[in-house]
Amino acid sequence: MFDLVLKNSKIVTPDRIYEGNICVKDGTISAITSLSQEVEAVEVVDVGGKLVFPGAIDTHAHLNDPGYNWREDYEHGTAAAAVGGITTVVDMPLQNDPALTDGKIFDVKVEKVSPNAYVDYCFWGGLVDYNLNNLIELDDKGCVAFKSFIGPVSPDYVSLTIGQVREALEILKTVDARAGFHCEDYSIIKWEESRAQRKESITWEDFLNSRPLIAEIIATKNILDLARETGAKVHICHVSHPDVAEEIKKAKQEGIDVIGETCSHYLTFSREDVISKGSLFKCAPPLREKEAVEKMWEYVEDGTLSCLSSDHSPSALEEKSEEDHGIFGAWGGISGIQNVFQVAFSEGVVKRGYSPTILARSLSEGPAKAFELYGKKGAIEVGFDADLVVLDPEKEWEITPDSLKYVNKISAFVGLKGKGLPVMTFVRGNVVAKNNEVIGSKGFGELVKKIK
Ligand SMILES: [Zn+2]
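Model, not experiment: these values are computed from the prediction. (Residues numbered from 1 in each chain as written. Predicted model: local features only at pLDDT ≥ 70, side-chain atom pairs only at ≥ 80, totals over all residues. Heavy atoms only, no water.)

**Describing the overall build of the protein chain**
Helices and strands together make up the secondary structure of the protein chain, namely 13 helices and 17 strands. Projected onto its principal axes, the C-alpha coordinates of the protein chain cover approximately 70 × 45 × 40 Å. Within the protein chain, the proportion of its 452 residues that are buried is 62%. A sequence separation of at least 24 residues applies to 76% of the contacts in the protein chain between residues at least 6 apart. Entry remark: accessible area of the protein chain is about 16,400 Å², with carbon and sulfur atoms responsible for 47%. (Helix = DSSP H or I, 4+ residues; strand = E, 2+ residues; numbered from the N terminus. Buried < 20%, exposed > 50% of the residue type's maximum accessible area, 1.4 Å probe, protein only. Contact = heavy atoms within 4.5 Å. Areas by Shrake-Rupley, 256 points an atom, 1.4 Å probe, with all protein chains shown as cover.)

This is how it looks when you write it as structure tokens:
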């Protein structure tokens, strides 16, 4: 007798979609049977032929906890994840006070956030110029990767020089750990910012021009060169443009262990949105031209961009104020953890005709493999955690502030309309959200570490 059966499922894998019943016992998938087979379970959920995806893993989210809870916290951030179909959040080490840079801080963070998580979570470890001696300790503690900047960063964190990146990669290589980078060249951006500041009036085009594509390409190439030299594993965060994806594709073909990640906003919005709507659409790297958006989908489909994340980067509305802070001073970052799945389905599958299978890969399998969670997370296969998302492909939606579970109910995605919505989310066989409402219990979410 099983604990739970999801009957009449259309099971989405990275390769195919097929019909079956998903049978769960003790939180893991223990059988997948054909529709005609009789199965007994304590709880039977008839999915009625809707799509069932493996739970999504958001590889890039800033939950801001502990330290900046007026922007976001675990309770609200993981509630939003649950209703949005994300069953594991890989949380960033910055916009934390203190930033997650050593083992002691790791323990404090676990204690602080674990009573409040609705879904499972992992930690990115900090990688800054003062903690190279703590990287191995953080790897031992369970950080799944290390996050660094080689471009400008917010005041609570420190970016690395290329020399420091090289030493960090040498250290991480000894424990086979992966380093992820925000790739925008520091000197180009700082120089372009100072050029813009000398103008009499600054426009949103000036902001966009201050973070040119070449800055992202140069920084990405530097990281790929160092990965080639050191043999270390790298991850290129939030790729915004197909030319950057192409560099990653070539490096992969060459045998470099590199993961390409993009975000739902780079697959949906363009620089015209920044120009016409302003700071809610400000992020870094910035949104690019419309043709780039179309081409980005091709790199998701071919697997070059194997992780599709939110880069959930929340702020208070006041911090987004152009009037108070100016175009360059207004908060850069887009809140998206709740909507990444539905937006990717609507924009990719409904609007552009891609197969739902590309989302099983970029939201689940790719992330799980990148962070060494595969085997436990990332697929609908026997033995894996029963992290499952039922998606109604016919359900139409419009994103409203009221629907958002965030501390701050603001997002570039508010007002967006589409079709196809996660309607039920299961974490380890337990339903945590249904029809945009959280029904799981706070503290159920567990810290997940790499499978070594
Ligand atoms: Zn980020």
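Let us keep going from here.
**Some thoughts on the domain arrangement of the protein chain**
Partitioning the protein chain into structural domains gives domain 1 (2–52 + 383–438) and domain 2 (55–370). Taking only C-alpha atoms, the centre of domain 1 and the centre of domain 2 are 26 Å apart. In this assembly, 39 residues from domain 1 lie in contact with 48 residues from domain 2. When domain 1 packs against domain 2, the two sides together hide about 3,400 Å² of surface, and 67% of this comes from carbon and sulfur. Counting the contacts that link domain 1 with domain 2 gives one salt bridge. A salt bridge links arginine 428 to aspartate 120; the shortest N-O distance between them is 2.6 Å. For the pair domain 1 and domain 2, the number of links is 13 residue pairs in polar contact (both at pLDDT 80 or more). At the level of elements, β14 (388–398), β15 (417–427), β16 (430–434) and β17 (437–438) are the ones that each hand at least two residues to the side of domain 1 that touches domain 2. Counting residues per element, the side of domain 1 that touches domain 2 draws most heavily on β15, which supplies eight residues. By residue class, the composition of the side of domain 1 that touches domain 2 is 24 nonpolar, eight polar and seven charged. (Domains from an automatic or database assignment. Buried area = accessible area lost by both parts, 1.4 Å probe. Salt bridge = Lys/Arg side-chain N within 4 Å of Asp/Glu carboxyl O. Polar contact = N/O pair within 3.5 Å; in protein donor to acceptor, adjacent residues only side chain to side chain. Nonpolar A, V, L, I, M, F, W, Y, C, P; charged D, E, K, R; others polar.)

**Regarding the pairing of strand β10 (residues 178–182)**
β10 sits mainly inside the fold: five of its five residues count as buried. Covered by surrounding structure in β10 are Arg178, Gly180 and His182 together with Ala179 and Phe181, the residues of both alternating faces. Traced from strand β9 (residues 145–149) through helix α4 (residues 162–174) to β10, the parallel crossover comes out right-handed. Relative to strand β11 (residues 233–236), β10 runs parallel, the two sharing four bridges. (Right-handed = clockwise from strand over helix to strand, strands pointing away. Pairing = 2+ DSSP bridges.)

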